[in-house]
Amino acid sequence: MKRRLDVLAPLGLSLVILGTWELACRSLSVPIYLLPAPSDISLALIANAPQLFSSALVTLWAALTALMVSALFAFPLALAAALSPLVERAVRPLAVTLQVTPLVAIAPLVVTWAGLDHPEYATTALAAVVAFFPLFSGALTGLKSADPDLERLFDLYGATPLQRLLRLRAPASTPFVLEGVKVGVGLSIIGAVVAEISAGSGGSQGLAWRIVETTHQLRMAETFAALVALSTLAVILHGLTQYAETQILKKWRGR
Amino acid sequence: MSVATLIDVSVTYNGRQALGPIRLQVNSGETTALVGPSGCGKSTALRLLAGLERPTAGQVERHVGKGETAVVFQAPTLAPWETVLNNVALPLRLAGVESDVAREKARAALIRVGLLDAAGLKPAQLSGGMAMRVSIARALSMSPKLVLLDEPFAALDEITRRKLADDVTTLWADARPAVAFVTHSVDEAVFMADKILVMSPAPGRIVHEASVLAGFPRPPHFRTTEIFRRTVEQVSDALAQSMGSS
């Protein structure tokens, strides 16, 4: 019963909001180029489904590539920082600066560097930049999270640095790395969208570009349809990583 | 025969004397208990004996090879991602023992603590008492010459800790390594040790030494015997005196 209510509550609220929205649009005859009714948006969704789907794939691909690229830098750096306090002191301020600088502020720069012909480079680069910090920070925290008494046991039994890394620090870091990946996935989507919007050209065919294009032409129903597609993509991705995290952790700690 | 000795050792943390000077010898076949108020440096003494820490002054002599020292901490300190069997096999694996041989020895150690059935479980699936047993099995797996226990049962309930104390003394009775352990409980010290050292408040020194002249494993109903009660009283008095004198 409680479980059913948990599912029904958000569903019910959404229906109430959508219903009110629909009614308001109809009774006040709001023009469709200002605020389309949910029914208009649904029609636009259906009519543009194939295009939205391929755009979603573009954005998804950009985000996932970015995540890989980011991980290629973040994990080795986190490892180096975990092994050497000097490296950590050197890297951390830079990583933090990268993290606190608003992405939109550096987007135009990166878009310019990527060139008008290759906006997809900018998308990937910017998404990689935002995904970097959670990946790096998660891995570094995780690598240093091992129980100090377990570390002492490893001292006691004369473990080599490699044994310590493979048998203690790396496995101990698992929950933190997973959390970093989860946050990183969400941020990489945001990064890809920000880059597409900054690029402001049709060179990238992602969902954000659909939003820019349709708002410029006041095709608001399609804008909303693209927004729905974008949120759906993000929600599915979050759900999948959350599921993967739970499953891996279950296996990791045995329950 | 001495396995580890602290000779006029003292330890200072940030200019504050935490322990000593103290003289302490741990012999093979002998169980030594360190009893004292909180913060008197008992655990520091244990870490010195383990070679995990260096003294500020004095000398530590250890006659044990690499991997021959085992430590049991207050918490079970198991790797949560490894199975019970792999946790017990860990010291052997770190010493470079083949995986099959290590697992075989780990199984033998688990049999000795009565937990072979739990070999495939993860630490999160164990009760507090079971986890502590696994920790003890891990300490046994290397057939250590020196076993150090830092308040090993402090986090357990009274019934479990009595049962474990019973089992542990039986386990030592076979191999008789040198055992040193720290405890808050006078009762536990007298039950488990041949020699009880009472320490003063920080900086801890040894203010009283008591011997328990009864064999291992302890006879049934040892806690009701005259020798047990007399020693408990003697140690409690010394402890009260040491705390009153500060």
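Scoring rules and cut-offs
Residues numbered from 1 in each chain as written. Chains lettered and ligands numbered in written order. Predicted model: local features only at pLDDT ≥ 70, side-chain atom pairs only at ≥ 80, totals over all residues. Helix = DSSP H or I, 4+ residues; strand = E, 2+ residues; numbered from the N terminus. Contact = placed C-beta atoms within 7 Å. Core = buried A, V, L, I, M, F, W, Y, C linked by C-beta atoms within 7 Å. Buried ≥ 20, exposed ≤ 12 C-beta atoms within 10 Å, placed from the backbone. Pairing = 2+ DSSP bridges. Axes fitted to C-alpha atoms, helices over the stretch in contact; angles between N-to-C directions. Nonpolar A, V, L, I, M, F, W, Y, C, P; charged D, E, K, R; others polar. pLDDT = per-residue confidence, 0-100.

A.B. asks: I tried to follow the overall build of chain A on my own but got confused; where do I start?
C.D. replies: Looking only at helices and strands, chain A features 10 helices and zero strands. In sequence order, the secondary structure elements of chain A are arranged as α-α-α-α-α-α-α-α-α-α. Dimensions of chain A, computed from C-alpha atoms along their principal axes, come out at roughly 75 × 55 × 30 Å. Summarising the internal contacts of chain A: among those between residues at least 6 apart in sequence, 78% fall at separations of at least 24.

A.B. asks: Please explain the nonpolar core as it appears in this structure.
C.D. replies: Burial of nonpolar side chains together is a common tendency in soluble globular proteins. In this structure, Val35, Leu49, Leu148, Ile196 and Val235 of chain B are the most contacted members of the largest nonpolar core, which totals 85 residues. Apart from residues lying up to four places away in sequence, leucine 49 of chain B is in contact with Ala4, Leu6, Val26, Leu148 and Ala180 of chain B. If you look at the next biggest cluster of nonpolar residues, it comprises 57 residues, including Ala107, Ala125, Val212 and Leu230 of chain A.

A.B. asks: Help me understand the sheet that holds strand E4 (residues 57–62) of chain B in this model?
C.D. replies: To summarise the sheet geometry, strands pair through backbone hydrogen bonds and adopt either a parallel or an antiparallel arrangement. All names here are of chain B. Strand order in the open sheet formed by three strands is E2-E1-E4, with antiparallel pairing between adjacent strands. Looking at strand neighbours, the two that pair on one side only are strand E2 (16–27) and E4, the edges of this open sheet. Strand-to-strand twist across the sheet, computed as the mean angle between neighbouring axes with direction ignored, equals 15 degrees. The pairing of strand E1 (residues 2–13) with E4 spans five bridges and is classified as antiparallel. Its bridge partner lying in E4, threonine 5 is registered against glutamate 61.

A.B. asks: Help me out: how do you make sense of the interface of chain A and chain B in this one?
C.D. replies: Across the boundary between the two partners, chain A contributes 18 residues, which contact 19 residues of chain B. The leading source of residues in the side of chain A that touches chain B is helix H7 (residues 148–156) of chain A, at seven residues. Considering only residue class, the side of chain A that touches chain B consists of eight nonpolar, four polar and six charged.

A.B. asks: Help me understand the confidence of the model for chain A, please; the structure alone is not making it clear to me.
C.D. replies: Confidence along chain A averages 90 in pLDDT terms, with 98% of residues attaining 70 or more. No element of chain A has a lower mean pLDDT than helix H5 (residues 103–114) of chain A, which averages 87, and none a higher one than helix H2 (residues 38–47) of chain A, which averages 94.

A.B. asks: I keep staring at the environment of methionine 68 of chain A and nothing clicks. Help me out?
C.D. replies: Residue and element names in this part refer to chain A. With respect to the element layout, methionine 68 can be found in helix H3 (residues 49–83). The class of methionine 68 is exposed, set by 12 C-beta atoms lying within 10 Å. Along the backbone, methionine 68 and phenylalanine 132 are 64 residues apart, and their C-alpha atoms lie at a distance of 9.9 Å.

A.B. asks: Which parts of the structure should I look at to understand the sheet that holds strand E3 (residues 31–35) of chain B?
C.D. replies: Residues and elements named next belong to chain B. If you trace the six strands from one edge of the open sheet to the other, you get E5-E6-E7-E3-E8-E9, paired in mixed fashion. Each end of this open sheet is capped by a strand with a single partner; those strands are strand E5 (69–72) and strand E9 (206–211). Averaged over all pairs of adjacent strands, the angle between strand axes in this sheet comes to 15 degrees, irrespective of strand direction. In this structure, strand E6 (residues 146–150) lies alongside strand E7 (residues 178–183), joined through five bridges in parallel fashion. Bridge assignment links valine 147 to a residue of E7, and that residue is valine 179.

A.B. asks: Looking at this structure, how should I read unusual backbone geometry?
C.D. replies: Glycine aside, residues mostly have negative phi angles, and peptide bonds mostly take the trans form. Not every positive phi belongs to a glycine, and leucine 218 of chain A is a case in point at roughly 55 degrees. Looking at the secondary structure, you find leucine 218 of chain A in the loop between helix H9 (207–216) and helix H10 (220–253). The residue asparagine 14 of chain B is not glycine, and still its phi comes out positive at about 50 degrees. Here asparagine 14 of chain B is to be found in the loop between E1 and E2. The class of asparagine 14 of chain B is exposed, set by 5 C-beta atoms lying within 10 Å.

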